[in-house]
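Structure assessment
What follows is the residue order along each chain.
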Amino acid sequence: LFVANIEQLEGGIMNTSLDDLSMFVRLVESGSFTHAAFELNIPKSKLSRHLVQLEQAIGTQLLIRTTRKQQLTESGRLLYQASKSHVEALQAIEDQIGSIINEPQGQLDILLPLEFFNEIISEVLTEFTKRYPKIFLNCRHYSSSLPESEHLYDLTFVLHESNLPASNSIAKTLLS
């Protein structure tokens, strides 16, 4: 019987959603449906539905619920211990990705013609660095009519009077 329950538990976990596991971990840590629902900013009924889905997917009861308290079953304790660190790691990655999306960071390599680097472009670059303080600008200049190594840069400015030679670059006219 114990071996069958372990196999059922392992098979069920593979079919659960990460949201269900995340909500379960939050529920256990908060100690109550009311607190967990408040922390997750969802109704208690939705949290309860997710717990029921998780229990159905696994095939066993995870929490003994009464009007005054909740208590983990043995299966619930095992699932909580096994999933807590994974849920935390996924949340940390989600937070890192969110901070990258909300605040771009890294290095931006720019190639500019020497004639183009004047007071106007320096003001634009200064404003850019103020707006995106976590982006490091690496500006290089070239003095020929066309850059020779534009593929090494994230952004290349080209001054030209005639059509540019064919390339795989994505070009946009800024001024005419």
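Residues numbered from 1 in each chain as written. Predicted model: local features only at pLDDT ≥ 70, side-chain atom pairs only at ≥ 80, totals over all residues. Heavy atoms only, no water.

On to empty space enclosed by the protein, then. If you walk through the whole model with that rule in mind, you get 1 cavity of 30 Å³ or more. Estimates place the volume of the largest cavity at around 30 Å³. Along its surface, the largest cavity is lined by D20, M23, F24, L27, L47, H50 and L51. Secondary structure elements with two or more residues in the lining of the largest cavity: α2 (18–30) and α4 (44–58). Each residue belonging to the lining of the largest cavity can be placed in one class, and the counts come to 5 nonpolar, 1 polar and 1 charged. (1 Å grid on protein atoms, 1.4 Å probe; cavity = no way out; pocket = protein on both sides within 12 Å on 5 of 7 lines; lining within 4 Å. Points joined across faces, edges and corners; volume = space filled by probe spheres on them. Helix = DSSP H or I, 4+ residues; strand = E, 2+ residues; numbered from the N terminus. Nonpolar A, V, L, I, M, F, W, Y, C, P; charged D, E, K, R; others polar.)

If you walk across this open sheet you meet the 3 strands as β4-β3-β5, and the pairing is parallel. In the strand order of this sheet, the two ends are held by β4 (135–142) and β5 (155–156), each with one partner. Relative to β5, strand β3 (residues 106–113) runs parallel, the two being bridged by 2 bridges. Following the sheet pairing, L111 is matched in β5 by T156. Its contacts with the sheet place helix α6 (residues 119–131) against β3 and β4, and it is angled at close to 160° to β4. (Pairing = 2+ DSSP bridges. Contact = heavy atoms within 4.5 Å. Axes fitted to C-alpha atoms, helices over the stretch in contact; angles between N-to-C directions.)

Attention now moves to the packing of α2 against helix α5 (residues 74–102). α5 packs onto α2 with a crossing angle of 110° between their chain directions and a minimal axis gap of 9 Å. Of the possible angle classes, the one that applies to α2 and α5 is roughly perpendicular. Residues L18, L21, S22, F24, V25, V28 and E29 of α2 form the contact with α5, whose participating residues are G76, L79, Y80, S83, K84, V87, E88 and L90. Residue composition of the contact of α2 with α5, by class: 9 nonpolar, 3 polar and 3 charged. (Parallel < 35°, antiparallel > 145°, perpendicular 65-115°, else oblique.)

Let's shift gears to the packing of helix α3 (residues 33–40) against α4. Close contact between α3 and α4 brings their axes to 9 Å; oriented N to C, the two are set at 105°. Between α3 and α4, the angle falls in the class roughly perpendicular. Residues F33, T34, A36, A37 and L40 of α3 lie in contact with α4, whose contacting residues are K44, L47, S48 and L51.

Moving on, we come to the packing of aromatic side chains. Taken as a whole and assessed by the stated rule, the structure comprises 1 aromatic pair. When the centroid spacing of 5.0 Å and the interplanar angle of 45° are considered together, the rings of F128 and Y132 count as tilted. (Phe/Tyr/Trp six-rings, centres within 6.5 Å; stacked < 30°, edge-to-face > 60°.)

On to the side chain of S32, then. You can see S32 is positioned in the loop between α2 and α3. For S32, a relative accessible area of 18% puts it in the buried group. A distance of 2.7 Å separates the side chain of S32 from the side chain of H35, its partner in a polar contact. Beyond its immediate stretch of four places on either side in the chain, S32 contacts L27 and Q70. (Buried < 20%, exposed > 50% of the residue type's maximum accessible area, 1.4 Å probe, protein only. Polar contact = N/O pair within 3.5 Å; in protein donor to acceptor, adjacent residues only side chain to side chain.)

Moving on: the environment of P165. Here P165 is to be found in the segment after β5. As for P165 and L146, which are separated by 19 residues in sequence, their C-alpha atoms are 9.6 Å apart.

Approximately 930 Å³ is the volume found for the largest pocket. What lines the largest pocket is a set of 26 residues, and nearest its centre among them are T156, V158, L164, A171 and K172. Partitioning the lining of the largest pocket into residue classes produces 16 nonpolar, 7 polar and 3 charged. Its volume calculated, the second largest pocket comes out at about 410 Å³.

Purely spatial values, then, with no claim about function.
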